[in-house]
Amino acid sequence: LTVYKTNGMRIVLIALHAGAEMVKHTANGIISLQVLEGQIKFSTDESVIELSKGQIVALHKNIQHSVFAKEESVFLLTLTTTLEEIK
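Residues numbered from 1 in each chain as written. Predicted model: local features only at pLDDT ≥ 70, side-chain atom pairs only at ≥ 80, totals over all residues. Heavy atoms only, no water.

Section: the overall build of the chain
Put simply, the rule reads: Under the scheme used here, helices are H or I runs from DSSP no shorter than 4 residues and strands are E runs no shorter than 2 residues, and both carry numbers assigned from the N terminus. For a compact globule the rule gives 2.2 Å times the number of residues to the power 0.38, and the radius of gyration it is set against comes from C-alpha atoms. Classification of residues uses two cut-offs on accessible area relative to the type maximum, computed with a 1.4 Å probe and protein chains only: under 20% is buried, over 50% is exposed, and between them is partly exposed. Values of accessible area rely on a 1.4 Å probe in the Shrake-Rupley scheme; residue burial ignores everything except the protein chains shown. Charged residues are defined here as Lys and Arg on the positive side and Asp and Glu on the negative side; His and the ends of the chain fall outside this count. Lys charges are placed at NZ, Arg charges at CZ, Asp charges at CG and Glu charges at CD.
On a plain count of helices and strands, the chain comes out with zero helices and nine strands. In sequence order, the chain lays out its α and β elements as β-β-β-β-β-β-β-β-β. The globule rule puts the C-alpha radius of gyration for 87 residues at 12 Å, and the 13 Å found for the chain is close to it. Principal-axis analysis of the C-alpha atoms places the extent of the chain at approximately 35 × 25 × 20 Å. In the chain, which comprises 87 residues, the share counted as buried stands at 33%. Split by element, the accessible area of the chain, about 5400 Å² in all, is 54% carbon and sulfur. Once the 8 positive and 9 negative side-chain charges of the chain are each reduced to a mean point, those two points are 6 Å apart.

Right, dumping it as C-alpha cells:
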C-alpha cells in the first residue's frame, strides 16, 4: 500500500505472512525499512541481519537485497525516487 508518493520519495506499507519472502532485488534509490510488527531477516550479499519491531535499516541504491518474514510482519519502506519513476 503506497502511503505517500512525490518527486523524491515514496513511502510504502508492506505486510508479509510468516515464511513469505521478497526475493533478491535492487532498488533504484536509497531505501530505509522500519519494522512496525513482527520479525524479518534482511539480507544483502555482504550481510544478514534480523530486525524486530521498532528497528530500522538503510541501504544505498542498486544493492541487491531480500526480505524474509520470520513471523507475520509489517514494515514501512521509504524509497528515494525521481520524477520519471512516479508517473
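From this point on, the discussion continues.
Brief notes about the sheet that holds strand E7 (residues 56–59)
Put simply, the rule is: Two strands pair if DSSP finds at least two bridges between them. Every angle, taken between N-to-C directions, lies between 0 and 180 degrees, and every axis is a line fitted to C-alpha atoms, over only the stretch in contact when it is a helix.
The sheet built from five strands is open, its strands ordered E1-E2-E9-E4-E7 with antiparallel pairing. The open sheet is flanked by strand E1 (2–6) and E7, the only strands paired with a single partner. Adjacent strand axes in the sheet meet at a mean angle of 20°, parallel and antiparallel pairs treated alike. Bridging between strand E2 (residues 9–16) and strand E9 (residues 73–80) involves eight bridges; their strand directions are antiparallel. In the strand pairing of E9, alanine 15 is matched with valine 74.

Structural notes on the nonpolar core
Applied cut-off: Each nonpolar core is a collection of buried residues, namely Ala, Val, Leu, Ile, Met, Phe, Trp, Tyr and Cys, held together in the definition by side-chain atoms within 4.5 Å.
Ranked by size, the top nonpolar core spans 17 residues in total, and within it Ile31, Leu33, Ile40, Phe42, Leu51, Val67 and Phe75 carry the most contacts. At the level of secondary structure, the elements contributing two or more residues to this core comprise E2, strand E4 (31–37), strand E5 (39–44), E7, strand E8 (65–69) and E9.

Observations concerning the sheet that holds strand E3 (residues 21–25)
Judged by pairing direction, the sheet is antiparallel, and its four strands sit side by side in the order E3-E8-E5-E6 without closing on themselves. Only two strands of the sheet have a single partner each, and these edge strands are E3 and strand E6 (48–52). Geometrically, the sheet is characterised by an average inter-axis angle of 20° between neighbouring strands, direction not taken into account. The sheet contact formed by E5 and E8 spans five bridges and is antiparallel. Paired with serine 43 across the two strands is serine 66, which belongs to E8.

Here we look at the pattern of salt bridges
Let me state the cut-off plainly: When a carboxyl oxygen of Asp or Glu is within 4 Å of a side-chain nitrogen of Lys or Arg, the pair counts as a salt bridge.
Taken as a whole and judged by the stated rule, the model has three salt bridges. With its nearest N and O atoms 2.8 Å apart, the salt bridge here joins aspartate 45 to lysine 24. Within this pair, whereas aspartate 45 is found in the loop between E5 and E6, its partner lysine 24 is found in strand E3, the two being separated by 21 residues in sequence. Judged by relative accessible area, aspartate 45 falls into the exposed class, the value being 55%. Given a relative accessible area of 47%, lysine 24 falls into the partly exposed group. Glutamate 50 is the partner of lysine 70 in a salt bridge, and the nearest nitrogen-oxygen pair spans 2.9 Å. Residue lysine 70 is located in the loop between E8 and E9, and its partner glutamate 50 is located in strand E6; the two are separated by 20 residues in the primary sequence. Given a relative accessible area of 40%, lysine 70 falls into the partly exposed group. Judged by its relative accessible area of 42%, glutamate 50 is partly exposed.

Any link to function would need more than the numbers given here.
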